[in-house]
Amino acid sequence: MNTAHPQAWHPALSAISPEIRQWLQDRGSLTRRIQDRCEQFYVEPVFQSLTKIFGDESIKMKLRQDELALVREVYLYCCDKPVVFAHSVVPRKGLRGVWRSLSGLGNRSLGSMLFTNPKIKRTPLEFKKVGSGHFLYDRAVIRLITNPPNLWARRSLFTLQGQSILVTEVFLPDILDLPS
């Protein structure tokens, strides 16, 4: 019997197709991997604001529940199909420090910055299957024509000079149509 809390993020994957597993477990640049398989890649920013973050994000980032952070949400597209919904959280204090350039990314991917600096360290990936009612699912499916019963998400912290950014990626169904 699995006694883990249903809202918990997990360090390992189980009962998952090999096709989605290869996307979820890849620790390299997701942006680069999609670009390598896509003739026309682009990033569509959909939300960026200094706001309160969700409970499990506050815990992961060691922030108070009422502490503000910059939340940035984008879709990664291959041709005209959204393949990933990305949700990033930077504590307010990080915006004055090493992550200050994040607020000006515009339609560039965060991955283009994170994977070009060898001093940035990444924590192990955590995984979660999200469905209707979970904030990530509800935000991710906005650009979809039909909503699947659930979506796989992964997240990890990227740290530079003691300051972290939490990056969560929700994999949309069309990711599986890209060549492997």
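Within each chain, residue numbers correspond to sequence positions counted from 1 in written order. Local features in a predicted model are, by the rule used here, given only for residues with pLDDT of at least 70; side-chain atom pairs are given and counted only at 80 or more, and totals for whole chains, interfaces and linings are based on all residues. Only hydrogens and water are set aside when side-chain values are computed; all heavy atoms of the structure are taken into account.

1. Digging into the pattern of salt bridges
At step 1: A pairing counts as a salt bridge when a side-chain nitrogen of Lys or Arg comes within 4 Å of a carboxyl oxygen of Asp or Glu. The tally for this structure, following the rule as stated, stands at 10 salt bridges.
At step 2: Residue R155 is joined to D56 by a salt bridge in which the shortest nitrogen-to-oxygen separation is 3.2 Å. A residue pair is termed long-range when its members are at least 10 positions apart, and R155 in strand β6 (residues 150-160) and D56 in helix α3 (residues 55-61) qualify at 99 residues.
At step 3: Classification of residues uses two cut-offs on accessible area relative to the type maximum, computed with a 1.4 Å probe and protein chains only: under 20% is buried, over 50% is exposed, and between them is partly exposed. The buried category is assigned to R155, whose relative accessible area is 5%.
At step 4: A salt bridge links K93 to E67, with the shortest nitrogen-to-oxygen separation between them at 3.9 Å. Linking K93 in the loop between β3 (81-91) and α4 (111-114) with E67 in the loop between α3 and β2 (68-78), this pair joins segments that are 26 residues apart in sequence. In this description a helix means any DSSP run of H or I spanning at least four residues, a strand means any run of E spanning at least two, and both kinds are numbered starting from the N terminus.

2. Some points on the pairing of strand β7 (residues 163-171)
At step 1: Counting buried residues in β7 gives 8 out of 9 residues, a clear majority hidden from the surface.
At step 2: Pairing analysis gives 6 bridges linking β3 to β7, with the strands arranged antiparallel. When the bridges of β7 are listed, H87 appears paired with T168.
At step 3: Only strands that DSSP links by at least two bridges are regarded as paired with each other. Pairing geometry for β6 and β7, over 9 bridges, is antiparallel. Across the sheet, residue L157 finds its bridge partner in β7, namely L166.
At step 4: The hairpin formed by β6 and β7 contains 2 residues between the paired strands, and Q161 there has a positive phi angle of roughly 50°.

3. Looking at helix α1 (residues 18-25)
At step 1: Those residues of α1 that fall on the buried side of the exposure criterion are I20, W23 and L24. The arc enclosing the buried residues of α1, seen along the axis, measures out at 95°, which places them on a common side.
At step 2: Against α2 (30-36), β5 (126-131), β6 and β7 lie the buried residues of α1. Each C-beta atom gives one direction from the helix axis, and the arc is the one those directions make. The contact rule is simple, with two residues in contact once any of their heavy atoms fall within 4.5 Å.

4. Points about the nonpolar core
At step 1: For our purposes a nonpolar core is just a set of buried Ala, Val, Leu, Ile, Met, Phe, Trp, Tyr and Cys residues, chained together by side-chain atoms within 4.5 Å. Of all hydrophobic cores here, the largest spans 22 residues; its most connected members are L24, I34, V84, F171 and I175.
At step 2: Once you skip the residues sitting within four places of it in the chain, I34 turns out to touch W23, F41, L76, V83, V84, I175 and L178.
At step 3: The next biggest cluster of nonpolar side chains, apart from the first, holds 15 residues, and it includes Y77, L136, Y137 and A140.

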